[in-house]
Amino acid sequence: MEIPFSTPGGLAGSVRLSFPTRVYAGEVAEINARISLKAGVDKSNPATLTARLEAGIEEINPAGEVSINLSAGSPVEFSWLIRTARESTYPGYLWLWLETNHNRELILAREFVL
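Residues numbered from 1 in each chain as written. Predicted model: local features only at pLDDT ≥ 70, side-chain atom pairs only at ≥ 80, totals over all residues. Heavy atoms only, no water.

Hey, could you go over the overall build of the protein chain for me, with residue numbers and the actual values?
Regarding its fold elements, the protein chain presents zero helices and nine strands. Order of helices (α) and strands (β) in the protein chain, N terminus to C terminus: β-β-β-β-β-β-β-β-β. Its C-alpha atoms put the protein chain at 50 × 25 × 20 Å along the principal axes. For the protein chain, buried positions account for 39% of its 114 residues. Considering only contacts in the protein chain between residues 6 or more positions apart, those separated by 24 or more positions represent 58%. Summing over all exposed atoms, the protein chain offers an accessible surface of approximately 6,500 Å²; the carbon and sulfur share of this is 47%. Taken as two groups, the 10 positive and 13 negative side-chain charges of the protein chain have centres that lie 3 Å from each other. (Helix = DSSP H or I, 4+ residues; strand = E, 2+ residues; numbered from the N terminus. Buried < 20%, exposed > 50% of the residue type's maximum accessible area, 1.4 Å probe, protein only. Contact = heavy atoms within 4.5 Å. Areas by Shrake-Rupley, 256 points an atom, 1.4 Å probe, with all protein chains shown as cover. Lys, Arg positive; Asp, Glu negative; His and termini not counted. Charge placed at Lys NZ, Arg CZ, Asp CG, Glu CD.)

Right under this line is the structure:
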């Protein structure tokens, strides 16, 4: 699923999300977010992308917020490895923020269920 975004500060791009369709108890699965910036980032206006995966899943790696510096035209990808301990429904959220000049803007808040 590809989701376009733009910010009031003139940054634009897209996010491609990949979630497993099913996760069996004890198995490792992967969640991915690939972010491409199309406009608004240059050497005079550097940007940092921060992501966080929140869910009731027993194991999430990496846990907490992770960040990476961006440049226009170079996509970046965040990947989380997850493992569930039992058969259940696991709701969660994927958050993505873009920071430029000490201004942090939310570009995606996506609810999901595994």
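Give a detailed account of the pattern of salt bridges, specifying residues and quantitative values.
Within this structure, the stated rule accounts for six salt bridges. The closest approach of N and O atoms between Glu-2 and Arg-16, which form a salt bridge, is 2.5 Å. Taken together, the residues span a long stretch of sequence, with Glu-2 in strand β1 (residues 2-6) and Arg-16 in strand β2 (residues 12-18) at a distance of 14 residues. A salt bridge links Arg-52 to Glu-54, with the shortest nitrogen-to-oxygen separation between them at 2.9 Å. (Salt bridge = Lys/Arg side-chain N within 4 Å of Asp/Glu carboxyl O.)

Can you lay out the side chain of Ser-14 for me, pointing to particular residues and giving the numbers?
With respect to the helices, strands and loops of the structure, Ser-14 is situated in strand β2. Polar side-chain contacts of Ser-14 include one of 3.0 Å to the side chain of Glu-2. Residue contacts for Ser-14: discarding those within four places in its chain leaves Glu-2, Ile-3, Pro-4, Phe-5, Arg-34, Ile-35, Ser-36 and Lys-38. (Polar contact = N/O pair within 3.5 Å; in protein donor to acceptor, adjacent residues only side chain to side chain.)

Pulling in residues and values, what's your account of the nonpolar core?
Ile-35, Trp-80, Ile-82 and Leu-98 are the most contacted members of the largest nonpolar core, which has 31 residues in total. Of all the elements in the fold, those that place two or more residues in this core are β1, β2, β3 (28-39), β4 (47-55), β6 (65-70), β7 (76-83), β8 (91-100) and β9 (103-113). The element contributing the most residues to this core is β3, with five residues. Once residues within four sequence positions are removed from consideration, Leu-98 is found in contact with Phe-5, Leu-11, Leu-37, Ala-47, Thr-48, Leu-49, Leu-70, Asn-103, Arg-104, Glu-105 and Ile-107. (Core = buried A, V, L, I, M, F, W, Y, C linked by side-chain atoms within 4.5 Å.)

Give a description of the sheet that holds β4 that names residues and reports values.
With antiparallel pairing, the four strands of this open sheet are ordered in space as β6-β4-β8-β9. Every interior strand has two partners, whereas the edge strands, β6 and β9, have only one. Adjacent strand axes in the sheet meet at a mean angle of 20°, parallel and antiparallel pairs treated alike. When β8 meets β9, the two strands line up antiparallel, connected through ten bridges. Among the inter-strand pairings, Pro-91 is bridged to a residue of β9, identified as Val-113. (Pairing = 2+ DSSP bridges. Axes fitted to C-alpha atoms, helices over the stretch in contact; angles between N-to-C directions.)

Break down unusual backbone geometry for me, with residues and values.
Residue Pro-62 is bonded to the preceding Asn-61 through a cis peptide linkage, with omega at 5°. Positionally, Pro-62 belongs in the loop between β5 (59-61) and β6.

Quick one: what's the story with the environment of Ala-55, residue by residue and with numbers?
Relative to the assigned elements, Ala-55 resides in strand β4. Looking at Ala-55, the relative accessible area reads 25%, which means it is partly exposed. Excluding residues that lie within four positions of it along the chain, Ala-55 makes contacts with Ile-60, Pro-91, Gly-92 and Phe-112.

Residue-level account of the pairing of β8, with values.
Judged from the nine bridges that link them, β4 and β8 form a sheet pairing that is antiparallel. Note on β8: the bridge partner recorded for Ala-55 is Gly-92. Hairpin connection of β8 to β9: two residues between the antiparallel strands, including Asn-101 at a positive phi of 50°.

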